[in-house]
Structure formats: structure tokens, C-alpha cells
Amino acid sequence: VQLVESGGGLVQAGGSLRVSCVTSGRTFSNYPLGWFRQAPGKEREFVAAIAWDDNNTYYAESVKGRFTISRDNAKNTVYLQMDSLKPEDTAVYYCATGRRFLGPPTPSKYEYNYWGQGTQVTVSS
């Protein structure tokens, strides 16, 4: 199973960015997907997750109303649209696939078993 993120970069505060994650080697559509992030010196934290059928999403309080997770099962791709970005959103962003077949979206990193290599998002003030 491989996950490859893209779309990171440098953006000014208040701006927008969309990161993508393409998966391969697994039946993508049967598992929940999540986005996490890790800033220097901090633990990896949950950002957003989406159910296998796209009918349920879950967000960290810090990004609720600003970030939107979506998926395109035909393209084996999950997206994270990030609007109204803040300097504190600066981190490496990782996508991950859930462990549970047809499972719900979850904020626990222990419920994800495959991870991408990450993409850097930097928000300048």
C-alpha cells in the first residue's frame, strides 16, 4: 500500500491551499481516510477524517469551519481543502488509511495503519 501526498507549499495567512493524497495497493473505497499534521517539536495530531462512503466527516476543533476533507474513490484520492490559513497551521501534513473495513472516521492515529511521507505546509504571517 502506498500513499503519496502533494500540494503543500508556502502561503500567506488568510490564504488557501489544497493538499491531495493518492493511494494504491488497496481497495481504497472500503476504508476511512484521515489527515494528520506534525509541527516541529510537537506530536502528530489529528486534522480531519472521512468515512469510506463519504457520508460522514470528523474535524479537529482547531480546523473546523476552515478545512474540508473530501474523497474521490474513482481516483483513489483524498483531498484536504484548507482555507483561512493561520501561521499555527504550519506543519507537515500526512494522509493515512484506516484499519477497519467500512469503518467510521476516527481521530485516533492508532486506528490508521498506512501513512504517506508527508507534505510541508508553511503559512507566513
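This text goes with the structure placed above it.
To keep things clear, this report deals only with the structure shown in the data block. (Residues numbered from 1 in each chain as written. Predicted model: local features only at pLDDT ≥ 70, side-chain atom pairs only at ≥ 80, totals over all residues. Heavy atoms only, no water.)

When its secondary structure is counted, the chain shows 0 helices and 11 strands. Relative to the globule expectation of 14 Å for 125 residues, the C-alpha radius of gyration of the chain, 13 Å, shows essentially globular dimensions. Buried positions account for 44% of the 125 residues belonging to the chain. Contacts in the chain between residues far apart in sequence, at least 24 positions, make up 60% of those at least 6 positions apart. Within the structure as shown, the chain displays about 6,300 Å² of accessible surface, and the carbon and sulfur contribution to it stands at 47%. The positive charge centre, built from 13 side chains, and the negative charge centre, built from 11, are 3 Å apart in the chain. (Helix = DSSP H or I, 4+ residues; strand = E, 2+ residues; numbered from the N terminus. Rg over C-alpha atoms; globule rule 2.2 N^0.38 Å. Buried < 20%, exposed > 50% of the residue type's maximum accessible area, 1.4 Å probe, protein only. Contact = heavy atoms within 4.5 Å. Areas by Shrake-Rupley, 256 points an atom, 1.4 Å probe, with all protein chains shown as cover. Lys, Arg positive; Asp, Glu negative; His and termini not counted. Charge placed at Lys NZ, Arg CZ, Asp CG, Glu CD.)

Taken as a whole and judged by the stated rule, the model has 1 disulfide. Cys 21 shares a disulfide with Cys 95; S-S distance 1.9 Å. Where Cys 21 bonds to Cys 95 through sulfur, the torsion about that S-S bond is close to 50 degrees, and the disulfide is right-handed. Here Cys 21 is found in strand E3 (residues 17-24), whereas its partner Cys 95 is found in strand E9 (residues 91-98), with 74 residues between them in sequence. The pair formed by Cys 21 and Cys 95 is uniform in burial state, with each residue classed as buried. (Disulfide = S-S within 2.5 Å.)

Time to look at the pattern of salt bridges. By the definition in use, this model includes 5 salt bridges. Here Arg 37 ties to Glu 45 by a salt bridge, and the two come within 2.6 Å at their closest N and O atoms. Assessed through its relative accessible area of 36%, Glu 45 is described here as partly exposed. The residue Arg 100 makes a salt bridge to Glu 111 at a minimum N-O spacing of 3.1 Å. Placement of Arg 100 in the loop between E9 and strand E10 (112-115) and of Glu 111 in the loop between E9 and E10 is noted, with a sequence separation of 11 residues between them. (Salt bridge = Lys/Arg side-chain N within 4 Å of Asp/Glu carboxyl O.)

We now examine a nonpolar patch on the surface. Together, Trp 52, Phe 101 and Leu 102 give the surface a local cluster of nonpolar side chains, amounting to about 290 Å² of exposed area. For Phe 101, a relative accessible area of 54% gives the class exposed. (Patch = residues over 30% accessible without salt bridge, like charges linked within 9 Å, V, L, I, M, F, W, Y side chains within 5 Å.)

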